Amino acid sequence: MDNVKKKIVVEDAPKLGNRRNFLGRSALLGLAGAGVSLGLSGCKDESSGKKNAAAPAAAAKAVASGGHEIAPGQLDEYYAFTSAGHGGEMRILGLPSGRTLKRIPVFNTDCMVGWGITNESKAIIGTKPDGSLKYTTGDTHHVHGSYKDGTYDGRWLFVNDKIHSRLARIRMDTMECDKITQLPNVMGFHGMFPDKRDPVDEKINYTTRVFCGHEFHIPLPNDGRDLEDPSKWGCLFSCVDAATMEVRWQCRVDGNMDLVATSYDGKLAASNQYNTENGALLADMMSAERDACVFFNVARIEQLVKDGKFTTIGSSKVPVVDGRKAANPDPKTSVTCYVPVGKNPHGVNASPDGKYFVCSGKLSPTCTVIDLSLVHKWFDGGLKTERDAVVAEPEVGLGPLHTCFDGRGNAYTSLFLDSQTTKWNVEKAIAQFKGDKTANPIIQKMDVHYQPGHIYSSMGETKECDGKYLNSGNKFSKDRFLPVGPLHAETEQLVDISGDKMQLIADHTAYSEPHDGIIVRRDVVKTRQIYNMDDFPNAVKPENAGIERKGNKVHVRLMSQAPNYSMPIIKVKKGDEVTLTLTNHDKVEDLTHGCAIPTYNINFIVNPQETHSVTFKADRVGAYWIYCTHFCHALHLEMRSRFLVEA
Ligand code: RUQ
Ligand code: CUA
Ligand code: CA
């Protein structure tokens, strides 16, 4: 283990000799750009695999400190991709340092990047007929990655928006959102999980579907009918095609859905249900002693869709299969299996050995372990009751919310009410459930600060689960950090789970309010540093740069290269509809330019070789300085053009 750590650290540390080179290059670039108008021939490609190499002293220090301290210049071992709650974005941290690496705007607008401001991002988020954004709010809860062969393939991340029932996809090479899909007839899209392989086709051993739960039951369709009669309302489990991001099918269930898990064999997806009662009031939702974890037989649902045995709801064309109990009396043909679990359960998580799903109890102090082979047996007609698929129900503590794993047979459950993490052994819990009075599954309880929600471990949602770190996402920080007014920072706590005992090793603050996340080994993630200009059909090149007028529509095609825009003066007339397209011709890693226009509410960036555009009405006459907002060069402040609007 130490060897591995050492190797990683040694490879990472920047070679001190390189710094001079790197700075030298920047300085050179500075001179080349100064006072020179855009000379495209001067573009130099500096993207060529400059990778950091050894600094043995720093490496030795990191190993001595147990590897948890990441000194300046050293890189983290893991990425953590986290949701951001009602901020609507996604975030990337480095672990174990806890450093924030990036905030990815998704359902929110972001004037650093220009997300929600550029035409390209607006098209992804979705617009109203007048061109303004359809929604400007979002609530991201769950982030999961795409799979191949049971582990991350580094291709996509998916994240949900609970408010407007949207699923977003993030490309992992650029770490930018490229698609957003709204689920029809769904309200409160909460849990989400990609599948891990196809249930039927052996060759498809990677993610092709994303399953989405539906928490708040609503009239179907929600067109004014049944307003006074919630007993007629319902919830739909949705399957989105991971590649096209189109909704493939939906399955109507009894009760609601909360979180989602998928099996390693690709055949099952499941969602925990806290409101099997279909209650509209809190007391109703807590009236049943047991709720359920509903399993979906993916192949059977898709066969029904193929056979045309579905309906549609309202104006949606998406096929809807009936997964309610009344429509599925025979297990051998049923598309759903409702396994009773503790009262008002919260998360459902798949163990990395592929054998179990664990529902955390929330109102019950237990976790329910469901054996997937027994769920299959039920679907084959070989199990007496759904409840017989339960193989353990250990008492873990008060307010269990989420469970993660270490790949060595142990589970870790967050306890919201106890403000603790419980470490427990799955096989011992099974032995205890079978009646072995000597079996005690509880290994350790550790305080966290305070009220933990999600808990997730390094590679814990894959068969490469490595049992090194666990992150406890805590909902309250109280006295943990300096107070900053009524709104406190949240806490994320990093726990070393590599030994017999859990060890709290670091706190870091988190801006409200991260929910879930995944911890991904960094070698899985392969980003690109420079865009390919030809990926943008509207890229501005010397041959089409300039101003083109068609009636009152003016297209300004602009290029940037440090420290210049290609046109010093851009003249339009009052009332023109202006589209400004900007391509960054710099081909140097990290050399991003910005583009802001005062009064016109324009602000966005273009990364190396990237193109973005904005469209606006030139409705105010006068002179406006277009300026570069992103520090790019010694002459960054001088990087400006005059935008002149004539009366
Ligand atoms: S839920 S704190 Cu939105 Cu992920 Cu469990
Ligand atoms: Cu270009 Cu700052
Ligand atoms: Ca309930």
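This text goes with the structure placed above it.
Calculation rules
Residues numbered from 1 in each chain as written. Chains lettered and ligands numbered in written order. Predicted model: local features only at pLDDT ≥ 70, side-chain atom pairs only at ≥ 80, totals over all residues. Heavy atoms only, no water. Pairing = 2+ DSSP bridges. Helix = DSSP H or I, 4+ residues; strand = E, 2+ residues; numbered from the N terminus. Axes fitted to C-alpha atoms, helices over the stretch in contact; angles between N-to-C directions. Donors = N, O, S within 2.8 Å, 3.2 Å for Na, K, Ca; no water. Salt bridge = Lys/Arg side-chain N within 4 Å of Asp/Glu carboxyl O. Near = heavy atom within 4 Å. Nonpolar A, V, L, I, M, F, W, Y, C, P; charged D, E, K, R; others polar. Phe/Tyr/Trp six-rings, centres within 6.5 Å; stacked < 30°, edge-to-face > 60°. Buried < 20%, exposed > 50% of the residue type's maximum accessible area, 1.4 Å probe, protein only. Arc of directions from axis to C-beta. Contact = heavy atoms within 4.5 Å. Polar contact = N/O pair within 3.5 Å; in protein donor to acceptor, adjacent residues only side chain to side chain. Core = buried A, V, L, I, M, F, W, Y, C linked by side-chain atoms within 4.5 Å.

On to the sheet that holds strand β4 (residues 143-148), then. The 4 strands are arranged β4-β5-β6-β7 in an open sheet whose pairing can be described as antiparallel. Each edge of the open sheet carries a strand with a single partner, namely β4 and β7 (176-182). Geometrically, the sheet is characterised by an average inter-axis angle of 30 degrees between neighbouring strands, direction not taken into account. One ladder, built from 5 bridges, connects β4 with strand β5 (residues 151-161); its direction is antiparallel. By the bridge assignment, Lys148 is partnered in β5 with Thr151.

Once that is clear, we can look at the coordination of the calcium ion (ligand 3). Within the protein, the calcium ion (ligand 3) binds to Tyr274 (O), Glu277 (OE), Glu277 (OE), Met285 (O), Asp291 (OD), Asp291 (OD) and Asn344 (OD1); these donor distances fall in the range 2.2 to 2.8 Å. Here the donor residues for the calcium ion (ligand 3) map to a single chain with the spacing Y-x2-E-x7-M-x5-D-x52-N. Of this pair, Tyr274 sits in the loop between β13 (268-273) and α5 (282-285) while Met285 sits in helix α5, and the two are 11 residues apart along the sequence.

Right, let's get into the pattern of salt bridges. Inspection of every chain in the model, using the stated rule, returns 30 salt bridges. Across the salt bridge formed by Arg225 and Asp223, the nearest N and O atoms sit 2.7 Å from each other. Members of the salt-bridge network, linked through shared partners, are Asp195, Asp198, Arg209, Asp241, Arg248 and Glu302.

Right, let's talk about the site of ligand 1 for a bit. The environment of ligand 1 is made up of His141, His142, His190, Leu259, His346, His402, Gly453, His454, Lys475 and His515. The class makeup of the residues in the shell around ligand 1 is 1 nonpolar, 8 polar and 1 charged.

With the rule as written, the count across this model stands at 16 aromatic pairs. Ring centres 6.4 Å apart and planes at 40 degrees place the aromatic pair Phe237 and Trp249 in the tilted group. One end of the pair, Phe237, is in strand β10 (residues 235-241); the other, Trp249, is in strand β11 (residues 247-253), and 12 residues separate them in sequence. A relative accessible area of 0% means that Phe237 is categorised as buried. Relative accessible area serves as the criterion here: at 2%, Trp249 is assigned to the buried category.

To continue, consider helix α8 (residues 426-434). Taken together, the buried positions of α8 are occupied by Val426, Ala429 and Ile430. In an axial view of α8, the angular spread of the buried residues amounts to 100 degrees, which keeps them on one side of the axis. For α8, the elements touching its buried residues are β18 (356-360), β19 (367-371), β20 (390-392), β22 (410-415) and β23 (420-425). Capping of α8 at its N-terminal end is provided by Asn425; its side-chain oxygen lies 3.1 Å from the backbone amide nitrogen of Glu427.

Here we come to the nonpolar core. Counting residues in each nonpolar core, the largest one holds 45 residues, and the members touching the most others are Phe81, Met90, Val106, Leu157, Phe237 and Trp249. In this structure, Trp249 is in contact with Phe211, Phe237, Ser238, Cys239, Val298, Ile301, Glu302, Val305, Val318 and Pro319, ignoring residues within four places of it in sequence. Ala270, Cys293, Val358 and Val390 belong to the second largest nonpolar core, which has 37 residues in total.

By the secondary structure assignment, Lys550 is in strand β30 (residues 546-550). Put simply, Lys550 and Asp576 are 26 residues apart on the chain and 9.9 Å apart in space, counted from C-alpha to C-alpha.

Moving on, we get to the sheet that holds strand β29 (residues 517-521). With antiparallel pairing, the 4 strands of this open sheet are ordered in space as β3-β2-β1-β29. For this open sheet the edge positions go to β3 (99-105) and β29, each flanked by a neighbour on one side alone. Taking each pair of neighbouring strands and ignoring which way they run, the sheet shows an average axis angle of 20 degrees. Relative to β29, strand β1 (residues 78-83) is paired through 5 bridges, and the arrangement is antiparallel.

Residue placement: Val645 occurs in strand β39 (residues 640-646). Those residues in contact with Val645 that lie beyond four places of it in its chain are Val572, Lys573, Lys574, Tyr600, Ala618, Arg620, Val621, Gly622 and Tyr624.

Before going further, it helps to examine the pairing of β30. Sheet topology places β30 next to strand β31 (residues 553-561); 5 bridges connect them, and they run antiparallel. In the sheet register, Arg549 faces β31, and the bridge partner there is Val554. Counting the residues in the hairpin turn of β30 and β31 gives 2 residues, including Gly551, whose phi is positive at 60 degrees.

A word on the side chain of His141. Structurally, His141 can be placed in the loop between α4 (119-125) and β4. Side chain to side chain, His141 and His515 meet in a polar contact 3.2 Å long. Apart from the residues lying within four places of it in its own chain, the contact partners of His141 are Ser83, Asn160, Lys162, His190, His515 and Asp516.

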